[in-house]
Amino acid sequence: MSPVLKTVQTTLSLNKLSSSNYPRKEKKLLQHGSCSFPINNVQLSFRGGFEVVSNVNRSHKEKTCLYDEGELEALPHVQTLREFPREELVAKVVMVRFDSTILLGEKLDLSSQSASKALYTIKYLHECGAKVILMSEWSRKINPKLLDAQAVADILSSVLQLNVIALRCISCKSPLRREDLQKADIFLLENLSEYKEEVANCSKFAELLSSEIDILVNDSFCQSHKVLASTVGVARFCYASMAGFSFEENLHQLKKIAKTKKKPYLAVIGGGNLKRNAAALQFLASRCDALVFVGQMSFQIMRALGHSIPTNLVERDAHKAALDIVQFAHDKNVLMSYPKDFWCTNQHLPTELEVFPAHGVSASWLPVDLGPRSLEEIYSLVTNSKAYPFEIDWSVAYHDASQPLVVDIGSGNGLFIMGMAQNRKDLNFLGLEINGKLVRRCLDSVHQSGIRNAYFIGSNATTTFRSIVSSYPGELVLVSVQCPNPDFNKPENRWSMLQRSLIEAVADLLASKGKVFLQSDVEAVAMRMKEQFLQYGKGKLHLSHDQYNIRINGNAWLEENPFGIHSDWEQHVIDRGAPMYRLMLSKSTGS
């Protein structure tokens, strides 16, 4: 089951930890302290793999850190690579446990923060003069090109722009030798998923992995709830162990979420093995206002609630634990949400996909993702919970944050926003764009041009529009959606951009007499946007009848762009002489 939402309001608990200075030459490990992060379906525990630090030399802070140092100092924290003295890395052999889902995926987005942080960990160590040994598990499910260690080494070499050499040490049970390290600066060990000793945290296996290793850097946050030989076991044989930049960023996000005082709390829970995670679920039920099950565990919860599910989806010995969790949540008045439908694949014809209600999945079909009803319910829950932890200093974003606001959803390369901002100094303009690379480019343009009434945020507007715009101190007077990708607007497409929750948020937050501008070069897309806004606008939105309307195929459209500023795609369509389908909606005065 693929992840549905990456950012949710949830709970975090830190056990009390003793503090100690980080070690220089001697072995000094955190043996008894632990810090646990009950989040989603797992309890993340760090046992022996990191050292808790209080007094560190911070003279070498990296420019890549994008957050305030004081926020991390508020709570005890694990030692990080950023805090470790650079001179201590020179000529050291450093093992990096990296996250294969970030660096080895079939579609690696080098502009994403997770990828850039993970790559920076490796490059930083290399630039500091360390010998780097890379270690991870991988599967051809995430990338068909991951045939063997050599293929993975080739991929990493291409991504890092550095020579990565594959080593055969584990399968030969041959400890790493110092003379082997003279061949290059970065090496890759074999696939850890092929060795059962990894998940068993075998001490001899961990010792083999750590031969000649001085320092362990754990940069695989998603594996940190597991006690593995490559994380916990190896740490016992290294004189220092710490978190990489990617790990640190994820930990920072958890701490940031934990500090929020907003209610209600909502936990989105994926994964399987309900019995093993029962204690974590009980903890979440004691802290949260709602539990939203989206993974394999949802079937066990549905069964406990009396729904019939296929026998092949029943988890052995989990029924009593599921009943206990349902009863506990009921007693605490905690809302329990589970999928209402699934996209399923035919086990005999894998290319066939079909949506089934959650209680009616046929025996020969296998659920592979959430259906449209399930996603709509989750979006609604998350939006109403104001779960997205967006904190925006509007006085920094704009010269005058009290001016009326215009929001362009899916702002692309920002031409519309920039043009409008230059023409209308009495309004503030905000672009919401899911492509982080475009957002950074737009923000650079705003800074270079000196425009003080335009701003851009990298965000999925479907889940964050209400949270972002509701915090703005002025009125929302105009929302535009221009030329969305037609693939996102097929009725059967489960990732439709214009979800009901987004349209409802627009209708709620728009000022009286505020406008919604919609346009596309695909008539079917424009028609569907129009129908959705009228259907889900809570009766607050109606078509603005303008004297410049024209008729195409019997439907009325605006002949000209009423603002005189074109988006990049609109200009492209006009240049090739194709029609644009435009319409304007207004919010009723009495709404």
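Being a predicted model, the structure only gives us computed values, none of them experimental.

Here is what the cut-offs are and how they apply
Residues numbered from 1 in each chain as written. Predicted model: local features only at pLDDT ≥ 70, side-chain atom pairs only at ≥ 80, totals over all residues. Heavy atoms only, no water. Helix = DSSP H or I, 4+ residues; strand = E, 2+ residues; numbered from the N terminus. Buried < 20%, exposed > 50% of the residue type's maximum accessible area, 1.4 Å probe, protein only. Contact = heavy atoms within 4.5 Å. Areas by Shrake-Rupley, 256 points an atom, 1.4 Å probe, with all protein chains shown as cover. Salt bridge = Lys/Arg side-chain N within 4 Å of Asp/Glu carboxyl O. Pairing = 2+ DSSP bridges. Axes fitted to C-alpha atoms, helices over the stretch in contact; angles between N-to-C directions. Patch = residues over 30% accessible without salt bridge, like charges linked within 9 Å, V, L, I, M, F, W, Y side chains within 5 Å. Parallel < 35°, antiparallel > 145°, perpendicular 65-115°, else oblique. Left-handed = near helix turned anticlockwise from the far one by under 90°. Expected span 1.5 Å × (residues − 1). Polar contact = N/O pair within 3.5 Å; in protein donor to acceptor, adjacent residues only side chain to side chain. Right-handed = clockwise from strand over helix to strand, strands pointing away.

A.B. asks: What is the right way to look at the overall build of the chain in this model?
C.D. replies: Within the chain, the secondary structure is distributed over 19 helices and 25 strands. The buried share among the 591 residues of the chain stands at 54%. Across the chain, the fraction of contacts at a sequence separation of at least 24, relative to all contacts at a separation of at least 6, is 74%. Accessible area of the chain: about 26900 Å², with a carbon and sulfur share of 50%.

A.B. asks: Which parts of the structure should I look at to understand the pattern of salt bridges?
C.D. replies: Where charged atoms from two side chains of opposite charge come close, those side chains can pair. For the coordinates displayed, the defined rule picks out twelve salt bridges. In this structure, Asp185 and Lys131 form a salt bridge, with 3.1 Å as the shortest nitrogen-oxygen distance. With Asp185 in the loop between β7 (164-166) and β8 (186-188) and Lys131 in strand β6 (residues 131-135), this residue pair connects regions lying 54 residues apart in the sequence. Of the residues examined, Asp185 reaches a relative accessible area of 35% and is grouped as partly exposed.

A.B. asks: Just to check I follow, could you spell out the sheet that holds strand β10 (residues 240-243) for this structure?
C.D. replies: One key point about sheets: their strands pair by backbone hydrogen bonds, in either a parallel or an antiparallel sense. Spatial strand order, β7-β8-β6-β5-β9-β10: six strands in an open sheet with parallel pairing. A strand with exactly one partner marks an edge of an open sheet, and here the two such strands are β7 and β10. Neighbouring strand axes in the sheet, compared pairwise and without regard to direction, differ in orientation by 25° on average. Two strands pair when backbone bridges link them, and strand β5 (residues 93-97) and strand β9 (residues 215-218) are joined in this way by four bridges, in the parallel orientation. Residue pairing in the sheet places Val94 in a bridge with Ile215 of β9. Together, β5, β6, β8 and β9 form the strand contacts of helix α3 (residues 113-127), whose direction differs from that of β6 by roughly 155°. Along the sheet, helix α4 (residues 149-160) contacts β6, β7 and β8; its crossing angle with β7, the most-contacted strand, is approximately 175°.

A.B. asks: Explanation requested: a nonpolar patch on the surface in the structure shown.
C.D. replies: A cluster of nonpolar residues, Leu353, Leu366 and Val368, forms a patch on the protein surface that exposes about 220 Å² of accessible area. Within the secondary structure, Val368 sits in strand β16 (residues 365-370).

A.B. asks: Would you mind showing me how to read the packing of helix α16 (residues 461-470) against helix α17 (residues 500-509) here?
C.D. replies: The relative placement of two packed helices is expressed as an angle between their axes plus a distance between the axes. Between α16 and α17, the shortest axis-to-axis distance is 8 Å and the interhelical angle comes to 20°. With respect to each other, α16 and α17 are oriented roughly parallel. Every pair of crossing elements has a handedness; the one defined by α16 and α17 is left-handed. Residues Ala461, Thr462, Phe465, Arg466, Val469 and Ser470 of α16 form the contact with α17, whose participating residues are Ser501, Leu502, Glu504, Ala505, Val506, Asp508 and Leu509.

A.B. asks: How should I be thinking about helix α18 (residues 523-536) in this particular structure?
C.D. replies: Note that an α-helix has 3.6 residues per turn; residues three or four places apart therefore point the same way. The terminal C-alpha atoms of α18, which comprises 14 residues, lie 20 Å apart, in line with the 20 Å expected from a rise of 1.5 Å per residue. α18 sits mainly inside the fold: ten of its 14 residues count as buried. Lys538 sits one or two residues past α18 and shows a positive phi near 60°.

A.B. asks: Any chance you could explain unusual backbone geometry here in plain terms?
C.D. replies: When glycine is set aside, most residues are seen to have a negative phi, and most peptide bonds are trans. With phi around 70°, Lys513 is a residue other than glycine that occupies positive phi space. Along the chain, the position of Lys513 falls in strand β21 (residues 510-520). Here Lys513 falls in the exposed class, since its relative accessible area comes to 58%.

A.B. asks: Hey, could you run me through α17 in this one?
C.D. replies: Across the ten residues that make up α17, a large majority, seven, are buried. Of all the residues in α17, the buried ones are Ser501, Leu502, Ile503, Glu504, Ala505, Val506 and Ala507.

A.B. asks: I'm lost on the side chain of Asn453 in this one. Help?
C.D. replies: You can see Asn453 is positioned in the loop between α15 (436-449) and β19 (454-458). Separated by 3.1 Å, the side chain of Asn453 and the backbone oxygen of Ala421 make a polar contact. Residues in contact with Asn453, not counting those within four places in the same chain, are Tyr398, Ala421, Arg424, Lys425, Leu427, Asn428 and Phe429.

A.B. asks: Can you help me understand the pairing of β9 in this one?
C.D. replies: When a strand is regular, its side chains alternate between the sheet's two faces. Burial along β9 is two-sided: Ile215 and Val217 facing one way and Leu216 and Asn218 facing the other are all buried. Here β9 runs beside β10; their pairing, made up of four bridges, is parallel. Residue pairing in the sheet places Leu216 in a bridge with Ser241 of β10. The parallel pair β9 and β10 is bridged by helix α7 (residues 229-235), and the resulting crossover is right-handed.

A.B. asks: Would you mind going over the environment of Pro310 with me for this structure?
C.D. replies: In this fold, Pro310 is placed in the loop between α10 (297-304) and α11 (319-331). For the pair Pro310 and Gly360, spaced 50 residues apart in the sequence, the C-alpha separation amounts to 8.7 Å.

A.B. asks: Is there a simple way to think about the environment of Leu134 in this case?
C.D. replies: Tracing the chain through its elements places Leu134 in strand β6. Considering only alpha carbons, one finds Leu134 and Phe98, 36 residues apart in sequence, at a separation of 7.0 Å. Setting aside residues up to four positions removed in sequence, Leu134 forms contacts with Val96, Phe98, Ile122, Leu156, Val164, Ile186, Phe187, Leu188 and Leu189.

A.B. asks: Please clarify how the pairing of β19 should be interpreted in this entry.
C.D. replies: Here five bridges tie strand β18 (residues 428-433) to β19, and the two strands are oriented parallel to one another. Counterpart to Glu433 in the pairing with β19 is Gly458. With α15 bridging β18 and its parallel neighbour β19, the resulting β-α-β unit is right-handed.

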